[in-house]
Amino acid sequence: MRILVDAYWWVDGPYSNRLVLREIVGRWRAVFPDDELVLAIPSKWSNSDAELPAGVERISTRMRRHPAINAIELPLYLKSGRDFDAIFLQNFGAPTSSAAVLVHDVLFQSNPEWFTKIERLYLSAIPVLAKRTGLVMTTTQHEAKRVAAYNSLSSEVAVTGLGLSTTLLTAPARKPSFGLKSHAFLLTVGRLNIRKNLENTIAAAIESGAISEHFPLVVVGQRSGRFSESSVVRSGVATGAVMFVEFAPDDELRWLYENCALFCFLSLGEGYGLPPVEAAYFGARVLVSDIPVFRENLGGAAEYVDPNDVSAISNAITDLLAPARYERGYTTPPGAECRITGDWDFTVETIRTGIAELADST
């Protein structure tokens, strides 16, 4: 098949979205080498030195906004004589039966209070376009139910799953330069916004008495959308008990996962939630919100707590760091009960099967 791929995030964009795009394209080329993939990359990145996988072509898109590119510009290529069988898109679909879109989540529909007005306006194009797209996919069973509950779609939402970052799996662990000691820090990773519930995480860590200048809570991530920087957050930073790190490369991130005393991810809602799965895979003790998507992805490889109960979180941190509990550990090897093991084959095969069915029906 010859597939036009929405590569809006190929060069720049949210880290997790770019990761998913690059992993899918790379694995697709390995599993289905006879397929032709053509990446549609914004023209502003035409001079970028970002490498393409061997055998992958690129075209430049001229429109500025992602929804407009997918809804207007990319469908025109189906009629341009380039012989594309279908289009594969992310988040924003296209008004054609020959398009498949991977929607990461529709949390902006179920919980609009977590998003700014500008974010909600921008994301509102997702459901509008999904209704006119040939196939809608998402990454978990729980998110598929949410997408179906909030949108009237013509067919069932397909579930693709996800894999672990190939570069993270192959990176040799390297200790960061900001003075941490092995198993002498707590860790959380992800974009910083109100949905990540960082204020409760910090408040609970402080209440537990576990964190200090010499045993900090390390927060890895960049601000994105609504974010509360309360007096609790500021006091934690001022005392050195909370350390913010905007970005950690794969080798340092792996060291952080492998050497944290506890990984905390108390998000209020996720479409998938990759960081705790990564942490569990690398053997970290993991504390997460008791929400369905984490039960689906992590199973017995994590401990669960109500993300809205600061005292419960504090008690869980204390319990998990207690010497007897810490030495006992989990009864299964690192990553054994995670629902993914870093293999993208299922994801790519699910996407390609859906696209092939679209191509056969048109």
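One can find the structure itself at the top, above this paragraph.
Predicted model only: the values in this text are computed from it and were never measured.

## So, the sheet that holds strand S2 (residues 36-42)
An order of S3-S2-S1-S4-S5-S6-S7 is seen for the seven strands of this open sheet, with the pairing classed as parallel. Each edge of the open sheet is held by one strand with a lone partner, namely strand S3 (57-61) and strand S7 (158-159). Judged from the five bridges that link them, strand S1 (residues 2-6) and S2 form a sheet pairing that is parallel. Its bridge partner being in S2, Ile3 is matched across the sheet by Leu37. Strands S1, S2, S3 and strand S4 (86-90) of the sheet are contacted by helix H2 (residues 66-78), whose axis makes an angle of about 170° with S4.

## Topic: the sheet that holds strand S12 (residues 286-289)
Reading across the sheet, the six strands line up as S10-S9-S8-S11-S12-S13 and stay open at both edges, with parallel pairing between neighbours. Looking at strand neighbours, the two that pair on one side only are strand S10 (242-245) and strand S13 (303-305), the edges of this open sheet. Pairwise comparison of adjacent strand axes, ignoring direction, gives a mean angle of 25° for this sheet. Two elements, strand S9 (residues 217-220) and S10, share four bridges in a ladder whose sense is parallel.

## Points about the side chain of Arg2
Relative to the assigned elements, Arg2 resides in strand S1. Classification of Arg2 as buried rests on a relative accessible area of 13%. Reaching out from Arg2, the side chain makes a polar contact with the side chain of Glu36 at a distance of 2.7 Å. Apart from the residues lying within four places of it in its own chain, the contact partners of Arg2 are Glu36, Val38, Glu57, Arg82, Asp83, Phe84, Asp85 and Ala86.

## Here we look at the nonpolar core
What tends to happen in soluble globular proteins is that the nonpolar side chains get buried as a cluster. Counting 93 residues, the largest nonpolar core has Leu4, Ile24, Phe88, Leu187, Tyr257 and Phe263 as the members making the most contacts within it. Residue contributions to this core peak at six residues, all from helix H1 (residues 15-31). Sequence-distant contacts of Leu187, that is, excluding residues within four places in its chain, are made with Leu217, Val218, Val220, Leu256, Tyr257, Cys260, Leu262, Phe263 and Cys264. Counting 21 residues, the second largest nonpolar core, distinct from the first, contains Leu192, Ala205, Val233 and Cys264.

## Details of the packing of aromatic side chains
Tallied over the full model, the rule gives nine aromatic pairs. Ring centres of Phe263 and Phe265 lie 6.2 Å apart, and the angle between their planes is 10°; on these two criteria the pair is classed as stacked. A residue is classified by how much of its surface remains accessible, and Phe263, at 0% relative accessible area, is buried. A relative accessible area of 3% places Phe265 in the buried class. Three or more aromatic residues joined by ring pairs make a cluster, and in this case those are Tyr257, Phe263, Phe265, Tyr281, Phe282 and Phe294. The lysine or arginine in question, Arg352, covers the ring of Phe32, its NZ or CZ lying 4.5 Å from the ring centre.

## Regarding the pairing of strand S11 (residues 262-265)
Residues of S11 alternate between two faces, with Leu262 and Cys264 on one and Phe263 and Phe265 on the opposite face, all of them buried. Where S11 meets S12, three bridges bridge the pair, whose relative direction is parallel. Within S12, the residue paired with Cys264 across the bridge is Leu287.

## Observations concerning helix H10 (residues 250-259)
Extensive coverage of H10 is indicated by the burial of nine of its ten residues. Listed in full, the buried residues belonging to H10 are Asp250, Asp251, Glu252, Leu253, Arg254, Trp255, Leu256, Tyr257 and Asn259. For H10, the elements touching its buried residues are H1, helix H7 (166-170), strand S8 (186-189), S9, S11 and helix H11 (274-281).

Parameters at a glance
Residues numbered from 1 in each chain as written. Predicted model: local features only at pLDDT ≥ 70, side-chain atom pairs only at ≥ 80, totals over all residues. Heavy atoms only, no water. Pairing = 2+ DSSP bridges. Helix = DSSP H or I, 4+ residues; strand = E, 2+ residues; numbered from the N terminus. Contact = heavy atoms within 4.5 Å. Axes fitted to C-alpha atoms, helices over the stretch in contact; angles between N-to-C directions. Buried < 20%, exposed > 50% of the residue type's maximum accessible area, 1.4 Å probe, protein only. Polar contact = N/O pair within 3.5 Å; in protein donor to acceptor, adjacent residues only side chain to side chain. Core = buried A, V, L, I, M, F, W, Y, C linked by side-chain atoms within 4.5 Å. Phe/Tyr/Trp six-rings, centres within 6.5 Å; stacked < 30°, edge-to-face > 60°. Lys NZ or Arg CZ within 6 Å of the ring centre and 35° of its normal.

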